[in-house]
Amino acid sequence: MQFDKPATTNPIDQLKVVGKPIHRIDGELKTTGLAIYAYEWHDKNIPYVYGYPVGSAIAKGRVKSIDTSAAKRADGVLGVVTTLDVGDLEKGKFNTAKLFGGAEIQHYHQATAVVVARTFEQARAAAALVKVAYEQETGSYDLRAAMPSAKKPDESQEPDTAVGDFDAAFRAAPITLSETYTTPDQSHSMMEPHASIAAWDGDEVTVWTSSQMIDWWRTDLAMTLGIDKEKVHLMSPFIGGGFGGKLFLRADAVLAAFGSKAVGRPVKVALPRPFMPNNTTHRPATIQRIRIGAQRDGKITAIAHESWSGDLPGGSPETAVNQTRLLYAGANRMTAMRLATLDLPEGNAMRAPGEAPGLMALEIAIDEMAEKLGMDPILFRIVNDTQVDPEHPERAFSQRNLSGCLTLGADRFGWKNRREVASRRENNWLVGMGVAAAFRNNLVMPSGARVKLDREGVVTVETDMTDIGTGSYTIIAQTAAEMMGIGIDKVAVQLGDSRFPVSAGSGGQFGANSSTSGVYAACVKLREAVASKLGFNSNDVVFENGQVLSGNRSIPLADAAGGEGLVGEDTIEWGDLTKTHQQSTFGAHFVEVGVDAATGETRIRRMLAVCAAGRILNPITARSQVIGAMTMGAGGALLEELAVDTRRGFFVNHDLAGYEVPVHADIPHQEVVFMDEADPMSSPMKAKGVGELGLCGVSAAIANAIYNATGIRVRRYPITLDKLIGGLPELA
Amino acid sequence: MKAFTYERASSVEGAAKSAAANPASKFIAGGTNILDLMKLEVECPTHLIDVNGLHLDKIEPTPEAGLRVGALVRNTALAADETVRRHYGLLSRALLAGASGQLRNKATTAGNLLQRTRCPYFYDPNQACNKRQPGSGCSAIGGFTRQHAVVGTSNACIATHPSDMAIAMRALDAVVETVKADGTKRSIPIKDFHRLPGNTPHIETVLELGEIITAVVLPPPIGGKQIYRKVRDRASYAFALVSIGAIIQPDGTGRVAVGGVAHKPWRLEEADVELKQGAKAAAGVLMADARPTEQNRFKIDLVERTLGAVIAQARG
């Protein structure tokens, strides 16, 4: 199905099932431990063995030799495969750093070998016996030091944009701001580590893994192994979190495949927790410079956003400036991105890539600018709201209710009670409120699905879509139920299997809207097949209550299936509506913090997000997405930083004790409000996504609240107490 | 993790003898720290002596009106003990500020005193560490040191002792009771129990080969306001950047021990004398010889400010 015209009324608009607060259909499996995650596949008839990775002890250089003799002699060891054994391998097209193969070391903890043994413990013990000799090279590990050498990235990244004359307008503006902000490297630190089981059958391999994007992984695994894609079968029905860390093929799948091939048995490989920051990907650090000029009435006349980040050769910039191109009006504007070569592990997508760090900076700058203007920061944002793309005024937003989110949020949160800077004290706490805009574009991806009707009237959906904890199972079931006029209990959903039609996968907050649209398209096909089978004219058929109605005839849906069942299969494909119209999601984050007047510890007291994100397919799972994102934003504001050892080129705090993410005690009451919207430009579902919107801007709202509480403006994340302590009030 | 042999000790003397006979052995009680370290091969004992069956899990009054806490009393039980809560509130509060409920259910009194540093370079076997591999150097110095020690450091090591409980024990002047392999007993004042790193950061306490802790004895209660204030980035389940264990008497005199700043619980009796003058004076003495890094210099201010808050709370 080609979606190239705005949606009109369709069966989804009935909203009998879609849009309802339905609990996760896979919830019981998860809470009872019956959902099988990658490492847990277990068939007692299959003689699984265990692989344990060896990671590079240096950040850059070459492997001279690997001595595996002691490891091979160790108890239980069945085989050792080294990066030298397999030689240079073709790199997956989505990977920047190679995962395995060859002598070159590009980053710390890069896989150099996998040891396979009868038990996990034997494999781990033997892995420590593998001796790798290196030829070490000097590398570049410090973004600030590398800044002067940063280059303009590939033109496809749109590294430089400009409209009007920023410099002249900035010089002429009566009120200006020019500040630099930094965001650190961050780790996805999802609950479930990367893990795979590989089993060969002749020249075909089956891999049970934890992947957000089945087809990307399948393609890249085939390329890395040097076999046809058709020979790779991937399974990933349950995923314990991803946040972008499982978008691209990872070393566990490659090591499991090589290990299994070497020993001729199915091999399980999980990446140990300390491998996660340095062996996999992370969100790259940024240095951002923002300049804003405005008239005294608050109208922005000039806005510039420049960002520097680093990556391995062949990598990409963190696109921190992109939201600034669209968020606020202003006739004169420019953005620029520069990319330095760093020999740290690969930087890549983490939840709201670009948007999250970009808004961490921009939304502090907006708060600072409002203060310079003597304006309420909400009013300043509303004054500069725009209904069109500021770079291309002929291009309108399909829907944009940022001002509505800010206004409603202000009312709900009691914004009017916000006090002057550093003027509210409750016992030992300095208390303040902050606000920030949330803004994330709506992306769409082709997404396929197969829908089968059986003689019991049960509809089974098959798609390689993934559920990374987001609720895909449930919203897909709701979509099929709505389309086929049946209860959700009559729908079965099968996900994450490469034998199923290729879907959007989970990422970029495109999964929910795209994958349900694919299911919609497949259901349209199935409805046609049902009508045809029953001899109905498909244009006037109604599907409701398990019946198919046409004129005065009513036939149970199950009867249409017959003995062999009926199948509908299709893929949603997208026209140019995202080009003719800017499609985005909006929100407003409100935060109240207390800062300990003596120690500078910040503790969040209240959080509210108001979101305008098209039709909300399921308010329960959508809310979970948003509060999870708010929690991640709290971590980003206050805790999370991969500490770089700039001498040795690695992330030092590479476990969950050293890389602190929020715990329950850090997170107070969180409230989420969804605006009642449906966007006919976005898809037949009229939905968008919320998974990343919820993260965009939260950290800045926290930073702004800390400023309101203390009068200390911190422009360097995370905002830890050492950055506040020098500005706190003298002790009595 | 390297393969190891394992025994369940049935007597204190037997455990001590077994340990003395095997220098590469370790005692295991709660196992909340050593098992993690063994998995990473930071610790590689060839023999584990399980002491959980030694019946050292009682909390009893001493003839001197103090309290004897068995080495195997779990952190949860110690924190919840009525006498501890009534008379040694500092200890109960310090215990509850540490770890998680699950860990406290397993962790023991003696094990808590003996836990190893959380320096990330100590935890990464690819990095040089004098504590893990004597003589290999210290890769933390010049590296990521925000959490590290600011006082009592050496050129060989800037690690901190991570315990909350030990800070309270130090302020309370607890005494560590031990038995050696030859059966002799020692009572080691807590102030002498932990060592500064010097050139031998791998030797963290004065315990000798085979010497086993049987109890920690608290002197008779000394009253006062007993406050434990742990400062950390995360609200729970994080090690202290700085912690203050203080006992402040109505006349303003008292004791203070500081966590998160040194290789051992940091208390200077000459700083106690200054407490009556206020936080600035006492913290000035405590931090007088500080040698911070650029990344952990803030701890010096933080000690003074946190102590100030604690004193204010005690007066309040």
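Here's what I pulled together on the structure shown here. Here, residues in each chain are numbered from 1, in the same order as that chain's written sequence. Here chains are named by letter from A upward and ligands by number from 1 upward, in the order in which they appear as written. In view of the model being predicted, local features appear only for residues whose pLDDT reaches at least 70, and side-chain atom pairs are presented and counted only at 80 or more, with totals across whole chains, interfaces and linings using the full set of residues. Hydrogen atoms and water are omitted, and side-chain values are computed over all heavy atoms in the structure.

**Topic: the pairing of strand β18 (residues 392-396) of chain A**
The two faces of a sheet get side chains in turn, since along a regular strand they alternate between them. All names here are of chain A. Applied cut-off: Strand pairing requires that DSSP identify at least two bridges connecting the strands. Counting from the N terminus, the helices are DSSP H or I runs at least four residues long and the strands are E runs at least two residues long.
As paired elements, strand β17 (residues 388-389) and β18 share 2 bridges and run antiparallel to each other. Its bridge partner lying in β18, V388 is registered against A396. Between β17 and the antiparallel strand that follows it, β18, lie 2 residues.

**Some remarks on the nonpolar core**
What counts here: Within this scheme, the nonpolar core is defined by two criteria: the residues are buried Ala, Val, Leu, Ile, Met, Phe, Trp, Tyr or Cys, and they are joined through side-chain atoms within 4.5 Å. Accessible area is worked out with a 1.4 Å probe on protein chains only. A residue is then buried under 20% of its type maximum, exposed over 50%, and partly exposed in between. Contacts are assigned to residue pairs with any non-hydrogen atoms lying within 4.5 Å of each other.
Of all hydrophobic cores here, the largest spans 119 residues; its most connected members are I702 of chain A together with V261 of chain B. Here this core takes 11 residues from helix α10 (residues 355-373) of chain A, the largest share from any one element. In this structure I702 of chain A touches V591, V593, I604, M607, G633, A634, A637 and L638 of chain A, once residues within four positions along its chain are discounted. Listed in part, the 47 residues of the second largest apolar core include V12, A71, V84 and I213 of chain B.

**A word on the sheet that holds strand β7 (residues 131-136) of chain A**
Residue and element names in this part refer to chain A. Taking strand neighbours across the sheet as the criterion, the 3 strands line up as β5-β3-β7 in an open arrangement whose pairing is antiparallel. On the outer flanks of this sheet lie β5 (104-105) and β7, each paired with one strand and no other. Pairing analysis gives 6 bridges linking strand β3 (residues 61-67) to β7, with the strands arranged antiparallel. Looking at the pairing, G61 lines up with Q136 of β7.

**A closer look at the pattern of salt bridges**
Residue and element names in this part refer to chain B. Using the following cut-off: One speaks of a salt bridge when a side-chain nitrogen belonging to Lys or Arg is within 4 Å of a carboxyl oxygen belonging to Asp or Glu.
Overall, the coordinates contain 63 salt bridges over all chains when judged by the stated rule. The partner of E204 in a salt bridge is R116, and the shortest N-O contact between them spans 3.0 Å. Of the two residues, E204 is situated in the loop between α10 (190-193) and β8 (212-218) and R116 in the loop between α7 (109-114) and α8 (120-123); the sequence distance between them amounts to 88 residues. Overall, the relative accessible area of 15% leaves E204 in the buried class.

**Things to note about the environment of A512 of chain A**
All names here are of chain A. Counting through the fold element by element, A512 comes out in helix α14 (residues 511-534). Judged by its relative accessible area of 29%, A512 is partly exposed. In this structure A512 touches I475, L617 and K688, once residues within four positions along its chain are discounted.

**A few points about the interface of chain B and chain A**
Which entries qualify depends on this criterion: Here the buried area means the combined drop in accessible surface, using a 1.4 Å probe, for two parts upon being joined, counting both sides. Each polar contact in these results corresponds to two N or O atoms within 3.5 Å; when the atoms are within protein, one needs to be able to donate a hydrogen and the other to accept it, and residues that are neighboring in sequence are counted only if both atoms are side-chain atoms.
Taken residue by residue, the interface counts 35 residues in chain B and 36 residues in chain A. Summed over both sides, the interface between chain B and chain A buries roughly 2900 Å², with carbon and sulfur atoms accounting for 54% of that surface. Together, D233, R234 and R305 of chain B form the three largest contributors to the area buried by chain B at its contact with chain A, with a combined 25%. Where chain B meets chain A, there are 3 salt bridges. In this structure, D722 of chain A engages R146 of chain B in a salt bridge whose closest nitrogen and oxygen atoms are separated by 2.9 Å. The tally of links between chain B and chain A comes to 20 residue pairs in polar contact (both at pLDDT 80 or more). Listed by contribution, the elements that provide at least two residues to the side of chain B that touches chain A are α8, β9 (225-231) and α13 (298-315) of chain B. When residues in the side of chain B that touches chain A are grouped by element, the largest group, 8 residues, is from α13 of chain B.

**Details of the environment of V626 of chain A**
All names here are of chain A. Looking at the element boundaries, V626 is found in helix α17 (residues 619-638). Of the residues examined, V626 reaches a relative accessible area of 0% and is grouped as buried. When the C-alpha positions of V626 and E528 are compared, they lie 37 Å apart, and in sequence the two are 98 residues distant. Excluding anything up to four places from it in sequence, V626 contacts A609, C611, V672, F674, V690 and G694.

**Quick word on the packing of aromatic side chains**
All names here are of chain A. Rules: Note on aromatic contacts: the rings of Phe and Tyr and the six-membered ring of Trp form a pair at centre separations within 6.5 Å, being stacked when their planes are under 30 degrees apart, edge-to-face when over 60 apart, and tilted otherwise.
This structure, assessed with the given rule, holds 17 aromatic pairs over all chains. Their ring planes at 40° and their centres at 4.5 Å tell us that Y108 and F650 sit as a pair that is tilted. One end of the pair, Y108, is in the loop between β5 and β6 (111-117); the other, F650, is in strand β31 (residues 650-651), and 542 residues separate them in sequence. Note on accessibility: Y108 and F650 belong to one class, buried. Look at F439 and F586: their rings are 5.0 Å apart centre to centre, the planes differ by 10°, and that puts the pair in the stacked class.

**Examining the sheet that holds strand β11 (residues 254-259) of chain B**
By way of backbone hydrogen bonds, the strands of a sheet pair with one another, either parallel or antiparallel. All names here are of chain B. The test is simple: Each axis is a line fitted through C-alpha atoms, and for a helix only the stretch in contact is used; angles between axes span 0 to 180 degrees, taken between their N-to-C directions.
Spatially, 3 strands are ordered β9-β10-β11 in an open sheet, and the strand pairing comes out antiparallel. Each edge of the sheet is formed by a strand with only one pairing partner; in this case those strands are β9 and β11. For this sheet the average axis-to-axis angle between neighbouring strands, irrespective of direction, equals 10°. Alignment of β9 against strand β10 (residues 242-248), held across 7 bridges, turns out to be antiparallel. Among the inter-strand pairings, K230 is bridged to a residue of β10, identified as S243. Contacts from helix α5 (residues 89-96) reach β9 and β10, with the element oriented near 20° to β9.

Honestly, that's just the spatial picture; any functional story needs more than this.
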